[in-house]
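Chain by chain, the residues:
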Amino acid sequence: MDQNQEKGDYNTIVMNATTSNGANGTMPKSTSASRDDSSKKIITIDEAVDIIGFGKFQRQILFSAGLCFMADSMEIALLSFLSIVLKYEWDWDTDDNNNEDTSKSIDTKLANIASMMFLGSLMGASILGPLGDRIGRRPVLFIAAFCISFFGFMTGLCPKDAYYTLLSIRLMVGFGIGGLTVPFDILCEFLPTDARGRCLMEIEYFWTAGSILVPIVAYISLEILDSWRWFVVIVAIPCLFSLLAGYFFVPESPRWLATKGRNEEALEILKHAAAVNGKDPNILFPQGCIIGLVRSGDSRGDDYGSFIEEESADYRILFTSKWRKITLLLMVVWFVFAMGYYGTIMTITRIFNESGGGDSCNDNEYYNNDENVNAKVSFDYAAILISSSAEIFGTLLVILLIDRIGRVYTQIGAYLSCGISVFLLCILSDYADRNMLVALAFIGEFNWLKGDTKSENRRKQNILQYLFHVLNSKSENILQSLSP
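Conventions and cut-offs
Residues numbered from 1 in each chain as written. Predicted model: local features only at pLDDT ≥ 70, side-chain atom pairs only at ≥ 80, totals over all residues. Heavy atoms only, no water. Axes fitted to C-alpha atoms, helices over the stretch in contact; angles between N-to-C directions. Helix = DSSP H or I, 4+ residues; strand = E, 2+ residues; numbered from the N terminus. Left-handed = near helix turned anticlockwise from the far one by under 90°. Contact = heavy atoms within 4.5 Å. Nonpolar A, V, L, I, M, F, W, Y, C, P; charged D, E, K, R; others polar. Patch = residues over 30% accessible without salt bridge, like charges linked within 9 Å, V, L, I, M, F, W, Y side chains within 5 Å. Areas by Shrake-Rupley, 256 points an atom, 1.4 Å probe, with all protein chains shown as cover. Salt bridge = Lys/Arg side-chain N within 4 Å of Asp/Glu carboxyl O. Buried < 20%, exposed > 50% of the residue type's maximum accessible area, 1.4 Å probe, protein only. Core = buried A, V, L, I, M, F, W, Y, C linked by side-chain atoms within 4.5 Å. Phe/Tyr/Trp six-rings, centres within 6.5 Å; stacked < 30°, edge-to-face > 60°. Lys NZ or Arg CZ within 6 Å of the ring centre and 35° of its normal. Expected span 1.5 Å × (residues − 1).

Peer 1: Now, about the packing of helix α10 (residues 204-224) against helix α11 (residues 228-249): what can you tell me, with residues and values included?
Peer 2: Between α10 and α11, the shortest axis-to-axis distance is 8 Å and the interhelical angle comes to 145°. For α10 against α11, the interelement crossing comes out right-handed. Across the interface between the two elements, Val-214, Val-217, Ala-218, Ser-221 and Leu-222 from α10 touch Trp-228, Trp-230, Phe-231, Ile-234 and Val-235 from α11. When its residues are assigned to classes, the contact of α10 with α11 shows nine nonpolar, one polar and no charged.

As C-alpha cells, then:
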C-alpha cells in the first residue's frame, strides 16, 4: 500500500481492510506469532499510538470531539433561558381556563423541562455507552449527534402549549447528549501518553466556547429576531457540524476493532493515522506487522507471545474492595459538582432576568426599575456573557496548576471559593448592585471549571453525573411543594 492510498478517507480504509480480511471482514480473536518468524513485528495498540505521536490526525479528532462537547454545553445552557422564555411565550401564568396559575405549578413546569433532559442524558449514557462496546464507537457517535440535531430542530417546531410534546422532545435531546461521552473514548484511545493530559484539558475550551456562545445567540434570537424558536434551532447546529466532522475525520477505534478480532482493519487505521501525521506507515508498521491489545508474554519479556484481550469490566468492579472507597468518594464529588455547576448556571440566568421572571431578583432595585423592565422577557446578556467568559480563565488556571499542586488541592480551593461566591450571590441578589452581582457570578463560574479535574473516564463519570441531575431537579420540585 503506498502513502497516497494511506491518505484516503476513512471509508476507503475500511473497505480496503474489509476486503483484505475476507468476505466477513473479521479475523480470529487471538493472533499468535511464531517465535521462528523473526520478520514479524509484534506491537500493541498503546505502543502503536505512542509511535504515531500527536499530530494532525489527533487534532482532527480533538476538533470533532470538541464540537460534541460544545453541543453539550450549549444545550445545557439553553435550559436556563428556555424555561423562563416559555413561561412568557406560552402564558404559563394562566391555566387552560384562563385562571391564574399557581406559583408552584409554574415552577414545577420549569423544573420538569430540565428534569426530562437530564433524565434523557442518564438513559443515553446508560444505553449508548454499552452500545458503543457492542457495535462500535463510530456508529454511536452518529446516533448521538443525530438525536441532538434532529430533536433540537424539532424543539423549534413544537406547537404552542404542547407541553408534554416539548418534554418528550427534550428527553430525546438529552438521550443524545448522554451518548456524547463516546467521542471521548475515541479521542483518548488515539492520544499518545505524553499528550493525553494536555488534550483532555484543552478540550474544556470547547465547553467554554459553547457557554459563551449561548448568551450571544440568545441576544440575537430573543432581542433582534424576537424568536425563541430560532434560538433552539441555532443551538442545535454545532452538533450537526460534529456529525459531519465525525464522518470525515473520526475513524473507528482500533482498540475496539482488536477486541472484535478485526486486527487487520485496526492496523490499516493506525497506518492511516501515521500517514496523516506525516510519518511513513511502512517504516512504523513494516510488512508482516501484527497488531493487538496485550501480549501474554509481556510480563515475562516474551516479545513474540500471543495477543490476549483485555479483561472485560462492568460497573460492579467499581464496588469491589479495591475500588469501593474511591468510587463512593467520587460519587460525592460528582454530586457536589453537578449540583453546584448546573445550579450556578441556572441561578445566574434567573438573577439577570430583567423582566423579573427569576425568583432571585424580584425585589432588586436595578431589575425592577421601569426603564429596565420590558413588556417581553429580557435578560442582562452582558452580565451573563461576562460570567460565562470566566470559564476561559478557570480552564487556563487549571492547566497551569494541575501538575504543580495536583488535582486534589485544585478541587479543594475551587469548591471552597465557588461555594462562598455562589452563596453570597444568592443572598445578596435582592440588595447588591449589578457590578457586585456580576463579580460574584464571574468568581462562581471561574471556580467551577477549576474543579472539573476529577477523572479521564468520561462515560462512567457522566452516568453518575446525569443521575445526580435528575435527583437534583426532582428534589427542587419536592422542596417547592413543601415551601410555604
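Peer 1: Describe in detail a nonpolar patch on the surface, supporting the description with residues and values.
Peer 2: Where nonpolar side chains cluster on the molecular surface, the patch consists of Leu-213, Ile-216, Tyr-219, Ile-220, Ile-224, Leu-225 and Trp-230 and spans about 660 Å² of accessible area. Here the nonpolar patch takes five residues from α10, the largest share from any one element. When you line up the elements, Tyr-219 lands in helix α10. Residue class for Tyr-219 comes out partly exposed when judged on its relative accessible area of 41%.

Peer 1: Lay out the pattern of salt bridges with the relevant residues and their values.
Peer 2: Taken as a whole and judged by the stated rule, the model has six salt bridges. Of the charged contacts in the structure, one is a salt bridge between Asp-46 and Arg-255, with a shortest N-O distance of 2.3 Å. Here Asp-46 is found in helix α3 (residues 45-52), whereas its partner Arg-255 is found in helix α12 (residues 254-259), with 209 residues between them in sequence. Its relative accessible area of 40% is what places Asp-46 among the partly exposed residues. For Glu-75, the salt bridge identified is with Arg-170, shortest N-O distance 2.7 Å. Taken together, the residues span a long stretch of sequence, with Glu-75 in helix α4 (residues 56-89) and Arg-170 in helix α7 (residues 163-178) at a distance of 95 residues. What you see here is one network of salt bridges that share partners, running through Asp-133, Arg-137 and Glu-189.

Peer 1: Outline the nonpolar core, listing residues and values.
Peer 2: Formed by 111 residues in total, the largest nonpolar core has its most connected members in Phe-231, Phe-285, Phe-352 and Phe-379. With 18 residues, α4 is the largest single contributor of residues to this core.

Peer 1: An account of helix α8 (residues 182-190) is requested, with residue identities and associated values reported.
Peer 2: For α8, the buried fraction is high: nine of the nine residues fall into the buried class. Three or more residues of α8 are buried, namely Val-182, Pro-183, Phe-184, Asp-185, Ile-186, Leu-187, Cys-188, Glu-189 and Phe-190.

Peer 1: Help me get a handle on the packing of aromatic side chains, residues and values and all.
Peer 2: Applying the stated criterion to the full structure yields 18 aromatic pairs. Considering the side-chain rings of Phe-57 and Phe-190, the 5.0 Å spacing of their centres and the 70° angle between planes classify their relative orientation as edge-to-face. Residue Phe-57 is located in helix α4, and its partner Phe-190 is located in helix α8; the two are separated by 133 residues in the primary sequence. Neither Phe-57 nor Phe-190 differs from the other in exposure class; each is buried. Aromatic side chains Phe-69 and Trp-207 sit 5.1 Å apart centroid to centroid with 55° between the ring planes, which places their arrangement in the tilted category. Highlighted residues: Phe-69 in helix α4 and Trp-207 in helix α10, separated in sequence by 138 residues. Take Phe-69: its relative accessible area is 6%, and that puts it in the buried class. Pairwise contacts between aromatic rings join Phe-69, Phe-118, Phe-184, Trp-207, Tyr-341 and Tyr-342 into one cluster. Here the guanidinium or amino end of Lys-109 rests over the ring plane of Tyr-163, the centre of that ring lying 5.8 Å away.

Peer 1: Which residues make up helix α13 (residues 263-276), and what values do they have?
Peer 2: Compared with the 20 Å implied by 1.5 Å per residue over 14 residues, the 20 Å span of α13 between its first and last C-alpha is a close match. Counting buried positions along α13 gives 13 out of 14 residues, so the element sits mostly inside the fold. Just beyond α13, the residue with positive phi is Gly-278, at close to 85°.

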